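An overview of the molecular structure
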Amino acid sequence: MHELSLIAGMMDLIRNSADKNQITQISRIKLVVGKLSMALPHSLSFAFETLAQEELFKDAELLIEEREICCQCQQCQQQYVAEMPSRLFCPYCGSSDTQMLTGRELFIEFYEGD
Amino acid sequence: MAQIRMETNILGANDMLAAKNRRIFKEAGMLVVNLMSSPGSGKTTLLEKTIEGIKGRIRLGVIEGDLYTDQDAMRIENKGVEVVQINTEGTCHLDASMVEKAWRRLAHHPIQLLFIENVGNLVCPAEFDLGEHFKVVVLSTTEGHDKVLKYPLVFNQARAVVLNKIDLLPYTDFDMDAFSRDLQLVNPMVKVFRVSGRTGEGIDQWNQWLLEEVGKQHF
């Protein structure tokens, strides 16, 4: 449900940056979203379609890369991908003392325009 | 065609404000707890009981987040504690700027323990740092033990989980073993309190822990 405010925040950041870089038409935006972030790619896309009415964004395509939840076990030091957000424990030794390396991302990697 | 690399967190603006809040809270010498749960789990009742238990020993303040009403804030005010209402008017979570504005109205009160009661929602509030010292999740037995795995982020982020409505346990299908096991998977370090806001069961242990946490703050 908060995808709308996330996208509004993203557009503010890009608007400022585009202004500084004298870009008036954006063609692509690349967003990286971790699977443990509570933002759904589908809802982010929908929010963008709804909000991107102004000249700067109207022809922009939003690309979303989902990033896996990657953890490192603090007991046996193995690295692994957690298949589900609710299954973060180590599949090698069963320990739940793990450190999350990726999976909580929510950032703009780049945008393109003229 | 130009490509501009940003590598900028969308929540960056919120995170910066949260960091500012954290500095303000530190300078004010208080412990700040972000209280999160789904609607109807008993956050406000828990706060009422907490206030009754420790009001005489510590100076408390509450920031109440709610979509539209001030009913919860009135309940807290009736307990004789400083309270500021935030109405998010439809927004599903509190953010750092809302908390900063609310805090300005409390700033002249010497508060040692500030509760921020978030909007009832287990999804969105987990994403927004408010500048708190730690998060506490309230879950009630009537919601079911499966919520831990269904909303892992909020439980993963919590310093403590308060399992409320423990008096209703015999009338529910809440599986205590499954709850403990799942919580261990999602957050092995988390502290758990089993309480009843209605009967007062377990509130003393929760209050004792809060007082210890306030005492631990080295400002």
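Residues numbered from 1 in each chain as written. Chains lettered and ligands numbered in written order. Predicted model: local features only at pLDDT ≥ 70, side-chain atom pairs only at ≥ 80, totals over all residues. Heavy atoms only, no water.

To continue, consider the overall build of chain A. The secondary structure content of chain A amounts to 2 helices and 6 strands. Along its sequence from the N terminus, chain A presents helices and strands in the succession α-β-α-β-β-β-β-β. Considered along the principal axes of its C-alpha atoms, chain A spans approximately 55 × 25 × 15 Å. Looking at chain A as a whole, 45% of its 114 residues qualify as buried. Of the accessible surface of chain A, which amounts to about 5700 Å², a share of 49% is contributed by carbon and sulfur atoms. (Helix = DSSP H or I, 4+ residues; strand = E, 2+ residues; numbered from the N terminus. Buried < 20%, exposed > 50% of the residue type's maximum accessible area, 1.4 Å probe, protein only. Areas by Shrake-Rupley, 256 points an atom, 1.4 Å probe, with all protein chains shown as cover.)

Turning to the sheet that holds strand β5 (residues 98–102) of chain A, a few remarks are in order. Residues and elements named next belong to chain A. Taking strand neighbours across the sheet as the criterion, the 3 strands line up as β4-β3-β5 in an open arrangement whose pairing is antiparallel. Edge positions in the sheet fall to β4 (79–82) and β5, since each of these pairs with one other strand and no more. On average, adjacent strands in this sheet sit at an angle of 35° to one another, irrespective of strand direction. Of the pairings in the sheet, the one linking strand β3 (residues 69–73) to β5 comprises 4 bridges and is antiparallel in character. Across the sheet, the residue bridging to Cys70 is Thr102, located in β5. (Pairing = 2+ DSSP bridges. Axes fitted to C-alpha atoms, helices over the stretch in contact; angles between N-to-C directions.)

Moving on, we come to the pattern of salt bridges. Two side chains with opposite charge may pair up if their charged atoms get near one another. All names here are of chain A. In the structure shown here, the tally under the stated rule is 25 salt bridges over all chains. Put simply, Glu65 and Arg67 hold a salt bridge, and the shortest N to O gap is 3.1 Å. Taking relative accessible area as the criterion, Glu65 reaches 27% and is therefore assigned partly exposed. The partly exposed category is assigned to Arg67, whose relative accessible area is 26%. (Salt bridge = Lys/Arg side-chain N within 4 Å of Asp/Glu carboxyl O.)

In this section: unusual backbone geometry. Of note, Gln77 of chain A is a non-glycine position whose phi angle comes to about 70°, a positive value. Residue Lys165 of chain B is not a glycine yet carries a positive backbone phi of 60°. Note that Lys165 of chain B resides in the loop between β7 (158–164) and α7 (176–186).

Our focus in this paragraph is the state of the cysteines. Residue and element names in this part refer to chain A. Evaluation of the coordinates by the stated rule reveals 0 disulfides over all chains. Take Cys71: it sits in no disulfide, and the sulfur closest to it among the cysteines is that of Cys70, at 6.7 Å. With no disulfide of its own, Cys93 lies 3.7 Å from the sulfur of Cys73, the closest cysteine sulfur. (Disulfide = S-S within 2.5 Å.)

Let us look at the packing of aromatic side chains. Aromatic rings in a pair are described by how distant their centres are and how their planes are angled relative to each other. Residue and element names in this part refer to chain B. Throughout the structure, instances matching the rule amount to 7 aromatic pairs over all chains. When the ring of Phe134 is compared with that of Trp209, the centres are 5.4 Å apart and the planes differ by 50°; the resulting orientation is tilted. In this pair, Phe134 is assigned in strand β6 (residues 134–140) and Trp209 in helix α8 (residues 203–216), connecting sequence segments 75 residues apart. Like Trp209, Phe134 is buried. Every member of this aromatic cluster is reached through a ring pair, and the members are Phe134, Phe193, Trp206 and Trp209. (Phe/Tyr/Trp six-rings, centres within 6.5 Å; stacked < 30°, edge-to-face > 60°.)

All right, on to the side chain of His93 of chain B then. Tracing the backbone shows His93 of chain B in the loop between β4 (82–87) and α4 (96–104). Those residues in contact with His93 of chain B, other than ones at most four positions away along the chain, are His2 and Ser5 of chain A together with Thr88, Met98, Asn118, Val119, Cys124, Pro125 and Phe128 of chain B. (Contact = heavy atoms within 4.5 Å.)

Time to look at the interface of chain B and chain A. Each side of the interface is counted separately: chain B has 28 residues, and chain A has 35 residues. Counting each side, the surface lost to burial between chain B and chain A is near 2800 Å², with a carbon and sulfur contribution of 65%. If you sort the residues of chain B by the area they bury against chain A, Ile4, Met6 and Ile10 of chain B come out on top, with a joint share of 24%. In this structure, the connection of chain B to chain A is made through 2 salt bridges. In this structure, Arg5 of chain B engages Glu109 of chain A in a salt bridge whose closest nitrogen and oxygen atoms are separated by 3.4 Å. Where chain B touches chain A, the interface holds 12 residue pairs in polar contact (both at pLDDT 80 or more). When residues of the side of chain B that touches chain A are traced back to their parent elements, those giving at least two are β1 (2–9), α6 (152–157) and α7 of chain B. Counting residues per element, the side of chain B that touches chain A draws most heavily on β1 of chain B, which supplies 8 residues. Across the side of chain B that touches chain A, the residue classes break down as 17 nonpolar, 8 polar and 3 charged. Two elements, strand β6 (residues 106–113) of chain A and β1 of chain B, share 6 bridges in a ladder whose sense is antiparallel. Counted as the bridge partner of Phe107 of chain A is Asn9 of chain B from β1 of chain B. (Buried area = accessible area lost by both parts, 1.4 Å probe. Polar contact = N/O pair within 3.5 Å; in protein donor to acceptor, adjacent residues only side chain to side chain. Nonpolar A, V, L, I, M, F, W, Y, C, P; charged D, E, K, R; others polar.)

Pairing in this open sheet of 4 strands is mixed, and the strands run β2(A)-β1(A)-β6(A)-β1(B) from one edge to the other. In this open sheet, the two edge strands, each paired with only one partner strand, are β2 (61–67) of chain A together with β1 of chain B. Each strand axis lies, on average, 15° off the axis of its neighbour in the sheet, ignoring direction. Where strand β1 (residues 26–34) of chain A lies against β6 of chain A, 7 bridges are found, and the strand directions are antiparallel. Of the residues in β6 of chain A, the one forming a bridge with Leu31 of chain A is Ile108 of chain A. Set on the sheet, helix α1 (residues 3–20) of chain A makes contact with β1, β2 and β6 of chain A together with β1 of chain B; between it and β6 of chain A the angle comes to about 45°.

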